[in-house]
Amino acid sequence: MIVNADGEDAGSERAEVHFLSALVDELMRKMLAAGVMTQADLNDVEAAAAKRVGGIPRAW
């Protein structure tokens with residue numbers, strides 16, 4: 001385990017973030033396929049998330 005200056009296990013946290021990201025991606029794909037959300041809805045979710053974290057939104 002590698003601990004950063006704040007005493008946090010950065011590798012473990014990174015793995016959790018990647019897992020959660022993949023989980024959310026799969027849920028969004030299933031909601032699109034099931035007709036629960038539209039492509040425009042998913043683009044809105046991506047834009048809001050990208051704005052919060054300072055990234056570039058992906059297009060659905």
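Throughout what follows, the structure given in this document is the object of discussion. Owing to the predicted nature of the structure, the values given are computational and were not obtained by experimental measurement.

A short note on the pattern of salt bridges
- Counting across every chain of the model gives four salt bridges.
- Asp25 is the partner of Arg29 in a salt bridge, and the nearest nitrogen-oxygen pair spans 2.9 Å. Placement of both Arg29 and Asp25 in helix α1 (residues 10-34) is noted, with a separation of four residues, approximately one turn of the helix.
- The residue Glu46 makes a salt bridge to Arg58 at a minimum N-O spacing of 2.6 Å. With Glu46 in helix α2 (residues 39-53) and Arg58 in the segment after α2, this pair connects stretches of sequence that are twelve residues apart.
- In this structure Glu46 comes out as buried when scored by relative accessible area, which is 11%.
- Accessibility expressed as a relative area gives 42% for Arg58, which makes it partly exposed.
- Within the structure, one salt-bridge network assembled from shared partners comprises Asp25, Arg29, Glu46 and Arg58.

The rules behind these values
Residues numbered from 1 in each chain as written. Predicted model: local features only at pLDDT ≥ 70, side-chain atom pairs only at ≥ 80, totals over all residues. Heavy atoms only, no water. Salt bridge = Lys/Arg side-chain N within 4 Å of Asp/Glu carboxyl O. Helix = DSSP H or I, 4+ residues; strand = E, 2+ residues; numbered from the N terminus. Buried < 20%, exposed > 50% of the residue type's maximum accessible area, 1.4 Å probe, protein only.

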